[in-house]
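Summary of the model geometry
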Amino acid sequence: MQHITLVTLVVRDYDEAVAFYTGALGFDLAEDSDRGDGSRWVVVRPPGSADGTGLLLARAKDDEQLARVGGQTGGRVGFFLHTDDFARDHARMTAAGVRFLEEPRHEPYGSVAVFEDLYGNRWDLLQPA
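Residues numbered from 1 in each chain as written. Predicted model: local features only at pLDDT ≥ 70, side-chain atom pairs only at ≥ 80, totals over all residues. Heavy atoms only, no water.

1. Quick look at the sheet that holds strand E2 (residues 28–34)
Taken in spatial order, the 4 strands make up an open sheet running E1-E4-E3-E2, and their pairing is mixed. On the outer flanks of this sheet lie strand E1 (6–11) and E2, each paired with one strand and no other. With direction set aside, neighbouring strand axes in the sheet form an average angle of 25 degrees. Relative to strand E3 (residues 40–45), E2 is paired through 6 bridges, and the arrangement is antiparallel. In the sheet register, Leu29 faces E3, and the bridge partner there is Val44. Against the sheet, helix H1 (residues 14–24) makes contact with E1, E2, E3 and strand E4 (54–59), and its axis sits at roughly 155 degrees relative to E4, the strand it touches most. (Pairing = 2+ DSSP bridges. Helix = DSSP H or I, 4+ residues; strand = E, 2+ residues; numbered from the N terminus. Axes fitted to C-alpha atoms, helices over the stretch in contact; angles between N-to-C directions. Contact = heavy atoms within 4.5 Å.)

This is how it looks when you write it as structure tokens:
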């Protein structure tokens, strides 16, 4: 059996990224360890992430990486956040200042709305049907 545990997301700053993902999105801070070289191992996960899937927040090390912050998926939705209560999470995230790019849609596959994280990466908030 295999499963993906972490996906790296390149960020400008550890603390601003942690604040957004734990505050605005409500993720849990699973780990924040100093690596001794000025970098940190920072992992956030959606609450109740049963399989342990999370994001490794990696601070950009150079100009090339910094240029990719917010554009790692070429402007496409690259991340899919499933919820068991779309209305609750949409309202909470909106109140926390999350920028939704569209009004909620109710499709045959579920309720969905595209939002951007603090860097401009696009996400789907999705409650499957």
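2. Notes on helix H3 (residues 86–95)
Considered for burial, the residues of H3 that qualify are Phe86, Asp89, His90 and Met93. Taken end-on, H3 shows its buried residues confined to a sector of 100 degrees, consistent with a single buried face. In H3, the exposed positions that point more than 90 degrees away from the buried face belong to Ala87 and Ala95. Looking at the buried positions of H3, the neighbouring elements they touch are H1, strand E6 (99–100), strand E8 (110–116) and strand E9 (122–128). Two residues or fewer past H3, Gly97 is found with a positive phi of approximately 95 degrees. (Buried < 20%, exposed > 50% of the residue type's maximum accessible area, 1.4 Å probe, protein only. Arc of directions from axis to C-beta.)

3. What to know about the side chain of Ser39
Examined against the element boundaries, Ser39 turns out to sit in the loop between E2 and E3. Using a relative accessible area of 16% as the deciding quantity, one classes Ser39 as buried.

4. So, the pattern of salt bridges
Any two side chains of opposite charge can pair, so long as their charged atoms come close to each other. In the structure shown here, the tally under the stated rule is 9 salt bridges. The salt bridge involving Arg88 is made with Asp84; its shortest N-O contact spans 2.9 Å. Assessed through its relative accessible area of 61%, Asp84 is described here as exposed. Ionic contacts of the salt-bridge type, sharing partners, join the residues Asp15, Asp32 and Arg40 into one network. (Salt bridge = Lys/Arg side-chain N within 4 Å of Asp/Glu carboxyl O.)

5. Side note on the layout of surface pockets
Volume-wise, the largest pocket comes out at about 310 Å³. For the largest pocket, the lining is made up of 14 residues, of which Pro46, Thr53, Gly54, Leu55 and Phe80 are closest to its centre. Tallying contributions element by element places strand E5 (residues 77–82) first for the lining of the largest pocket, with 4 residues. Classifying every residue of the lining of the largest pocket gives 9 nonpolar, 4 polar and 1 charged. (1 Å grid on protein atoms, 1.4 Å probe; cavity = no way out; pocket = protein on both sides within 12 Å on 5 of 7 lines; lining within 4 Å. Points joined across faces, edges and corners; volume = space filled by probe spheres on them. Nonpolar A, V, L, I, M, F, W, Y, C, P; charged D, E, K, R; others polar.)

6. Examining the packing of aromatic side chains
Aromatic ring pairs are reported here in terms of the distance separating the ring centres and the angle at which the planes meet. Summed over all chains, the structure comprises 7 aromatic pairs. With a centroid separation of 5.9 Å and 40 degrees between ring planes, the pair formed by Tyr21 and Phe27 is classed as tilted. Taking relative accessible area as the criterion, Tyr21 reaches 0% and is therefore assigned buried. Here Phe27 and Trp123 contribute two aromatic rings whose centre-to-centre distance is 6.2 Å and whose plane-to-plane angle is 70 degrees, an arrangement assigned as edge-to-face. (Phe/Tyr/Trp six-rings, centres within 6.5 Å; stacked < 30°, edge-to-face > 60°.)

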